[in-house]
Amino acid sequence: MATNQQCDLEQTVICPICCDVFRDPVSLKCSHSLCDQCLQEYWSTQETLQCPVCRKHCSRDEPTMSLAFTSLCENFQSRKSAPPSSDICPEHDEKLKLFCFEDKQPICVVCFTSKKHKNHQCAPIVEAVEDLKAEVKSEVSRLLQSLKVLNKSKEDYEMLSDTIRDERQSVEKMLRLEFESLHQFLKEEEEARIDALREEEMRECEKTTRKIAKLSDEISNVSTIINIINQEMEMDEITFLRNYSNNHYNPDRYNLPEPDVVSGIDSAKHLSIVNVNLRAKMCELLHKSTMSVTLDPNTSCNKLVLSEDLSSLHFVEQKQEVPDNPERLYVGVLGSHGFSSGVHCWDVEVGDNGHWIIGVVKQSVERKKLLKLDPSSGIWSIRYTNGKYRVGIKSRRELSLPEKPQVIRVQVDYDNGLVTFLDPSKGPVLYTFTEKFTEVLFPYFNTACTVCPLHIS
């Protein structure tokens, strides 16, 4: 109904010439209305003045302006250009009072009674808004929780990025120190080998110089004898024959020496030092460097501080800000390399540390919980606390040691399933675990002592 009324009104206020809402409308005696400008432009093209609609003759005095009609057109134009009201149904021109949950849109009472929304679940807009806002708040709450998790994850990755950079710097520093040591060793060996080579050159050159001087003397003597013989051969025949009869010209008389053989530089000796001795020494240095046990900072719990060279650890009361990455332990720290075969051994300097745990763990050990110190949890260990030594078994067996060890040696024979703890200075075995290993093992370390760190030697 409202739409029909609007259409009728629109036909009333539309100029038949420009087909738009009247601008400065005027009326002719024939009752037709037009825009004043449209009418004047139309008459300017005609020989006789007539109505553009009914063709009746007109005069220039006929067009009259109606203020009321002008106001009506202006109101219609403003209503037409204004945006439709948000709380009015565009279809029925009724106020929107209900919300259809199935179509998810506000509707009026007429819409509710129509076939389009028959049997649809609807509710008053006030009630629907209250329910829907509660639903949206719940979603927002979940989003806020997700945002919190994302922010925490972002912070962890940012911290992990910083940790990776610090680890790279630390490892780079260690690598540079290692290679500087190798460079220094090579430089010293190079200088030593070149010095030895030059010393041999000097010795051999001195020998050669002496031999050259001796040979020069012999050459001079022989040359003198030759000159004398040549002169005597110019004497009279009787003198020559007498000298010849007395073996005066016999070469054996002058005992010319045989030249000594000069050996030269013993190249094989010097090169063999490089090819054998030096290479063996390099292998020894490299083997020593690569086989040492270092700590993995990615596995260290937030109350342990590791040294720059990753060879020692000590306990702090204040938790450190570290990323909660999957590898990180709840307590303790692992060695940087695991093993699944062979025999492995490392020493831990415990000194006066009053609270420590040392051993090995399997790779799949639960990392985010406090470990039970027995093999059923995947850890084979020995610990020292409250002045007592205990091994990690369910019975919590206490060890009676005659002296307090300063160093604990951990020896793992993976293939034979043995984990042995001993005091390397005294020799006795403290305890041996027997197990059948099925996965990778890692060295394990932990301490709760803030005074004396543990050091891997």
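Residues numbered from 1 in each chain as written. Predicted model: local features only at pLDDT ≥ 70, side-chain atom pairs only at ≥ 80, totals over all residues. Heavy atoms only, no water.

Draft legend 1. Spotlight on helix α6 (residues 237-245). The N-cap residue of α6 is Asp-236: its side-chain oxygen and the backbone nitrogen of Ile-238 are 3.3 Å apart. In the stretch just after α6, Asn-247 is the one whose phi turns positive, near 60 degrees. (Polar contact = N/O pair within 3.5 Å; in protein donor to acceptor, adjacent residues only side chain to side chain. Helix = DSSP H or I, 4+ residues; strand = E, 2+ residues; numbered from the N terminus.)

Draft legend 2. Structural view of the nonpolar core. Ranked by internal contacts, the top residues of the largest apolar core, which has 36 residues, are Trp-346, Trp-356 and Phe-445. Excluding residues that lie within four positions of it along the chain, Trp-346 makes contacts with Val-293, Phe-339, Gly-359, Val-360, Ile-408, Arg-409, Val-410, Val-412, Pro-443 and Phe-445. Core analysis: the next-biggest nonpolar cluster, separate from the first, contains 10 residues, Leu-371, Ile-379, Phe-442 and Tyr-444 among them. (Core = buried A, V, L, I, M, F, W, Y, C linked by side-chain atoms within 4.5 Å. Buried < 20%, exposed > 50% of the residue type's maximum accessible area, 1.4 Å probe, protein only. Contact = heavy atoms within 4.5 Å.)

Draft legend 3. Broad picture of the side chain of Asn-353. For Asn-353, the location among the structural elements is in the loop between β10 (343-349) and β11 (355-362). Polar side-chain contacts of Asn-353 include one of 2.9 Å to the backbone nitrogen of His-355. For Asn-353, the residues in contact, after removing those within four places along its chain, are Tyr-384, Thr-447, Cys-449, Cys-452, Pro-453 and Leu-454.

Draft legend 4. Inspection of the pattern of salt bridges at higher detail. A full pass over the atoms with the stated rule returns 14 salt bridges. Linking Glu-172 and Arg-168 is a salt bridge whose minimum nitrogen-to-oxygen distance equals 2.6 Å. Of this pair, Glu-172 and Arg-168 are both found in helix α5 (residues 125-232), 4 residues apart, which corresponds to roughly one turn of the helix. Of the residues examined, Glu-172 reaches a relative accessible area of 27% and is grouped as partly exposed. Residue Arg-176 pairs with Glu-172 through a salt bridge whose shortest N-O separation is 3.2 Å. Remark: Glu-172 and Arg-176 occur in helix α5; sequence separation between them is 4 residues, near one turn of the helix. The class for Arg-176 is exposed, based on a relative accessible area of 51%. In the salt-bridge network here, residues are joined through shared partners; they are Arg-168, Glu-172 and Arg-176. (Salt bridge = Lys/Arg side-chain N within 4 Å of Asp/Glu carboxyl O.)

Draft legend 5. Examining the sheet that holds strand β2 (residues 33-35) more closely. The strand order across the open sheet built from 3 strands is β2-β1-β3, with neighbouring strands paired in antiparallel fashion. The outermost strands of the open sheet, each flanked by one partner alone, are β2 and β3 (64-65). When strand β1 (residues 25-27) meets β2, the two strands line up antiparallel, connected through 3 bridges. Residue pairing across strands places Val-26 opposite Leu-34, the latter belonging to β2. Packing against the sheet, helix α2 (residues 36-43) makes contact with β1 and β2, and its axis sits at approximately 90 degrees to β2. (Pairing = 2+ DSSP bridges. Axes fitted to C-alpha atoms, helices over the stretch in contact; angles between N-to-C directions.)

Draft legend 6. Quick peek at the packing of aromatic side chains. Evaluation of the coordinates by the stated rule reveals 10 aromatic pairs. Plain terms: the ring middles of Phe-99 and Phe-101 are 5.3 Å apart, the flat faces sit at 80 degrees to each other, and that makes the pair edge-to-face. Phe-99 sits in the buried class, given a relative accessible area of 14%. Judged by its relative accessible area of 22%, Phe-101 is partly exposed. Three or more aromatic residues joined by ring pairs form one cluster here, namely Trp-356, Tyr-384 and Tyr-389. (Phe/Tyr/Trp six-rings, centres within 6.5 Å; stacked < 30°, edge-to-face > 60°.)

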